[in-house]
Structure formats: C-alpha cells, structure tokens
Amino acid sequence: MAAERIGFAKITKLAFDGVNLAPLLQELTRKIDNGSASAGDGMDLSLITQLLGDKATGLAIQDEVLAQHRLFRSPCATATPRLRVLALAAAIDMGGNTPIEFLLQDTDIELTTLYVVPGTELPSPLPEHDIAIVIASDSEECRPALAEIDRLAANWPRPLLNAPAKIVGLDRDKLFRLLGGIEGLDIPATITVGRAQLLDVLLSNCSLPEVAAGTDFPVIIRPRGSHAGVGLAKIDDVFALGKYLTERQDQEFFVARYVDYASEDGLFRKYRVVIADGKPYACHMAIADQWNIWYLNAGMSESASKRLEESTFMQTFDIGFGRRHRSALTELSARVGLDYFIIDCAETKSGDLLIFEADNTAVVHNMDSPTLFPYKPPQMQKIFDAFAAMLTKRAAQHAEHAA
C-alpha cells in the first residue's frame, strides 16, 4: 500500500516562499521519536532536512525509510482520479528525480512513486496504474536503478515513458555526440579529463588540445558528476587552471570549449525549453551580465525590463524563438528520444541554437509570485496541460490497442 505524503511540491513551495520549516521538522521528528510516524512522514522529514542544508542526514533518513517501504502517494485533487500514474524513482538526493509533483499538482491525476532499489524485489503485483514514467536522472548514482528498470521494461504491463536506455544518453560526455551534426545547432564537445592530465598541461608536458580534443583556452570546466554549477568555472589560461586545481581536489573533470553567447547589448540570455511529446514550450528566460547564468542569480525579480523581455519570449515563442529553431529542436527531440525532458540553451552570435544541457529532472514549477510575474502562471499551466495530455493520450492508445 502506498504511504501518504505531504509531498515534494508543497514542502518545496513552503521553502521557496521563505516559510520557517523548523516547526514541521520538529513535529515530524517527534512522530519518529514516539513511534507514530508513517513511511510518508519519514520521506517528508528527509526532504525538509535536505532543504535545510543537511543533505547527509536527509539521505540517511531516506535510506532508512526505503529499507522498509518504497511506495508513496502524492496529494491528489480528487478522490476518484481519472488517470493513475506510477513514477519510477531512484534513491538519490532531492534533485536527482524529475520533480513530477509540480507537473501534476492540483489535477485529477493520481501520482504514486515507486523507488527502485537494486537488490530489492519490486512489489508483486505492481501497484495499479494506467501509465508509468521513469523519473530517475542520468547521474551515476541512478545507473543501478535505471539498469534494473531497463531489465524489466520490455515486459512492463502498461506504457512506460522516458525509457531508461534513453536517459543515460543525456550525460554531458554523451550528449554532444548524440546531437552532433544537427544543422543550426551548436553543442561544444564535452571531454572527460583526469586530474593528472590537467597537471601535465600545467607542467607543459602537453597542451590542452592534446588531453581534451577539440578544446583550447578559454574552456569551461566542472567536476565530473557535479550539479547546479558546483565547481563550474571559465578557465582562460594555464595560470587560471593552476589556481582552479589548487582549490579543487576532484579527480575527474568535464572540459568544453567556451562559447561567448553575449548579445549585442553585452548581456547573456539563457533559455529553458520543455519538450513534451515532441513539442517545445517556453519555460523561462534568464538575462544577466555574466555567462554563468541561473534564473536565481539573474536578478529577474529586480528588473521590470528583464521581466518584460521574458514575458515577450513566452508569449511569442511559437512565432519567435520556437520558429527560428524549429528544425533544430525537432531533430534534437527525435535524437534524444524521451517523451519529456528539458533543455537549457542560448543563441550564438551567428544565430544557432547553443545547447548547454538536456535533462529529464530540471525543475519546472509555478512557484513564482503571480504579482511580480503575472505572465508565468498561464505559461506554466500550458506546460502542465501538455504533460497531462501526453500521459492521457499514451494511456488511451495502450487501452485501445489492448481492447
């Protein structure tokens, strides 16, 4: 039986809004201490602990819960859902699975999440569902879970979206090979380079192009397996490389050529685009005076002119950005082969679509203030509706075929 949760979306929204989570943390901790906590309480406690910055403790709590219970039900807007979705997750930190609750929140679609733990049998029979979707990421920590799902995929009793064999192709050092040669698309080669090789470059034993083919200073570097910009840096020369290696103790790195994608006004524009059932949708646009943009560091809340530009990007996407890059986006979607994923991208000075990454777990949400961002709720709802429509269509096609 699925354990009920407060849920990822609700708790994350509280944290996003600056609500003090300490009282809820204390309440759940008391339930754990007096033995009245459910498995759902344990997973909520794990999430809150991670949101408060204690990732190690949060994951330890999660591991303890998943050793006993692996099936969880998220809040549903109706007691009689019209569609039942089973999400297949990996036992990883809070950012390692698709935050699917945001996509289905306040709908009449029931979401149940099953954590796939290698070495532990899946429930038999499987929980009742109309359609399943893999929400584990391409990270190395998820590989065992993805392999287990892949082993069972051919005999899955219902449609299974986001095939694990396709998800593993999203890793940075594979994606550029997958997307290479698409007309109108630029994706720099991402090369895995060991620390010892980079030290040889510092010692002038070899050049950077010799250890990372297709690159030369300036380059973008990050530790292999890092997320959310941890360890990300632009390295202009060997002196900067030496300083970087002094500050980082990682043993493997991703290295890619740097692309100056600044617009004529000197500002950098980074776009997030959702691909659902092969169709692209505008998700957000960040504008900043630095190349390493994230939405939260772009100052969008403080700039009415930036918000106006983002609003225009969303409202004109189908006749603007989406139309300019229609051919590249169509071919990209076909090669990636996933039913739902997200790309972070920009436009080069020559007008090509510059791909930074493709990901099935990037956050797509409607948490921003509708007062400050009045144009966002309609656009986010368009994405949510497209996701729900995809699930409904695929489930209906299966039912028709089975009949």
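Look up: the structure comes first, before these words.
Fair warning: this is a prediction, and the values are worked out from it, not measured in the lab.

### Comments concerning empty space enclosed by the protein
This model, assessed by the stated rule, comprises one cavity of 30 Å³ or more. By volume, the largest cavity is sized at about 300 Å³. Forming the walls of the largest cavity are 22 residues, and the residues nearest its centre are Arg5, Phe8, Met94, Asn97 and Tyr115. Of all elements in the fold, only helix H3 (39-51), strand S2 (71-73), helix H5 (100-104) and strand S4 (109-116) reach the threshold of two or more residues within the lining of the largest cavity. Ranked by residues supplied to the lining of the largest cavity, first place goes to H3 with four residues. Across the lining of the largest cavity, the residue classes tally to 11 nonpolar, seven polar and four charged.

### Here's the deal with the sheet that holds strand S10 (residues 233-235)
Ordered by their spatial adjacency, four strands build an open sheet running S8-S11-S9-S10, and the pairing between neighbours is antiparallel. Of all strands in the sheet, those with a lone pairing partner are strand S8 (190-194) and S10, marking the two edges. Pairs of neighbouring strands in the sheet enclose a mean axial angle of 35°, with direction left out of account. With five bridges joining them, S8 and strand S11 (residues 252-257) adopt antiparallel strand pairing. Bridge assignment links Gly194 to a residue of S11, and that residue is Glu252. Strands in contact with helix H8 (residues 172-179) are S8, strand S9 (219-223) and S11; relative to S8, the strand with the most contacts, it is inclined by about 150°.

### A look at the nonpolar core
Core analysis: the largest hydrophobic core is formed by 129 residues, its most contacted members being Ile355 and Val364. Counting residues per element, this core draws most heavily on helix H15 (residues 376-402), which supplies nine residues. Excluding its chain neighbours within four sequence positions, the residues that come into contact with Val364 are Phe102, Leu103, Val274, Cys283, Tyr340, Ile342, Met380, Ile383 and Phe384.

### Thoughts on the pattern of salt bridges
For the coordinates displayed, the defined rule picks out 32 salt bridges. Where Lys55 meets Asp93, a salt bridge forms, and the shortest distance between an N and an O atom there is 3.6 Å. Here Lys55, found in helix H4 (residues 55-66), pairs with Asp93, found in the loop between strand S3 (83-90) and H5; they are 38 residues apart in sequence, far enough to count as distant. Among the salt bridges present, the one from Asp130 reaches Arg84, with a minimum N-O distance of 3.1 Å. A residue pair is termed long-range when its members are at least 10 positions apart, and Asp130 in the loop between S4 and strand S5 (131-134) and Arg84 in strand S3 qualify at 46 residues. You can call Asp130 partly exposed: its relative accessible area is 22%. Taken together, the salt bridges that share partners define one network made up of Glu140, Arg143, Asp171, Asp173, Lys174, Arg224 and Glu252.

### A closer look at a positive patch on the surface
Taken together, the side chains of Lys279, Arg323, Arg326 and Lys382 present a region of like positive charge at the surface. With respect to the secondary-structure elements, Lys279 resides in strand S13 (residues 279-288). Residue class for Lys279 comes out partly exposed when judged on its relative accessible area of 38%.

### Here we look at the side chain of Glu101
Secondary-structure assignment places Glu101 in helix H5. Here Glu101 is buried and forms no salt bridge, its nearest opposite-charge partner Arg5 lying at an N-O distance of 5.2 Å. Those residues in contact with Glu101 that lie beyond four places of it in its chain are Gly7, Phe8, Ala9, Lys10, Ser74 and Leu111.

### Here's the deal with the packing of aromatic side chains
Tallied over the full model, the rule gives 13 aromatic pairs. When the ring of Phe72 is compared with that of Tyr115, the centres are 5.8 Å apart and the planes differ by 85°; the resulting orientation is edge-to-face. Placement of Phe72 in strand S2 and of Tyr115 in strand S4 is noted, with a sequence separation of 43 residues between them. Judged by relative accessible area, Phe72 falls into the buried class, the value being 2%. Residue Tyr115 is classed as buried on the basis of its relative accessible area of 9%. Centroid distance Tyr271 to Phe313: 4.9 Å. Interplanar angle 45°. Geometry classified as tilted. In this pair, Tyr271 is assigned in strand S12 (residues 268-276) and Phe313 in helix H12 (residues 304-315), connecting sequence segments 42 residues apart. The class for Tyr271 is buried, based on a relative accessible area of 7%. Phe313 sits in the buried class, given a relative accessible area of 6%. Members of the aromatic cluster, connected to one another through ring pairs, are Tyr271, Phe313, Phe317 and Phe321.

### Quick notes on the packing of helix H9 (residues 195-202) against helix H11 (residues 238-247)
At their nearest, the axes of H9 and H11 sit 10 Å apart, and the two run at 140° to each other. Classified by the interaxial angle, the pair formed by H9 and H11 is oblique. H9 and H11 meet at a crossing whose hand is left-handed. Contacts from Arg195, Leu198, Leu199, Val201 and Leu202 in H9 reach Val238, Leu241, Gly242 and Leu245 in H11. For the contact of H9 with H11, the per-class residue count stands at seven nonpolar, one polar and one charged.

Conventions adopted
- Residues numbered from 1 in each chain as written.
- Predicted model: local features only at pLDDT ≥ 70, side-chain atom pairs only at ≥ 80, totals over all residues.
- Heavy atoms only, no water.
- 1 Å grid on protein atoms, 1.4 Å probe; cavity = no way out; pocket = protein on both sides within 12 Å on 5 of 7 lines; lining within 4 Å.
- Points joined across faces, edges and corners; volume = space filled by probe spheres on them.
- Helix = DSSP H or I, 4+ residues; strand = E, 2+ residues; numbered from the N terminus.
- Nonpolar A, V, L, I, M, F, W, Y, C, P; charged D, E, K, R; others polar.
- Pairing = 2+ DSSP bridges.
- Axes fitted to C-alpha atoms, helices over the stretch in contact; angles between N-to-C directions.
- Contact = heavy atoms within 4.5 Å.
- Core = buried A, V, L, I, M, F, W, Y, C linked by side-chain atoms within 4.5 Å.
- Buried < 20%, exposed > 50% of the residue type's maximum accessible area, 1.4 Å probe, protein only.
- Salt bridge = Lys/Arg side-chain N within 4 Å of Asp/Glu carboxyl O.
- Patch = residues over 30% accessible without salt bridge, like charges linked within 9 Å, V, L, I, M, F, W, Y side chains within 5 Å.
- Areas by Shrake-Rupley, 256 points an atom, 1.4 Å probe, with all protein chains shown as cover.
- Lys, Arg positive; Asp, Glu negative; His and termini not counted.
- Charge placed at Lys NZ, Arg CZ, Asp CG, Glu CD.
- Phe/Tyr/Trp six-rings, centres within 6.5 Å; stacked < 30°, edge-to-face > 60°.
- Parallel < 35°, antiparallel > 145°, perpendicular 65-115°, else oblique.
- Left-handed = near helix turned anticlockwise from the far one by under 90°.

The analysis is restricted to geometry; functional conclusions fall outside its scope.
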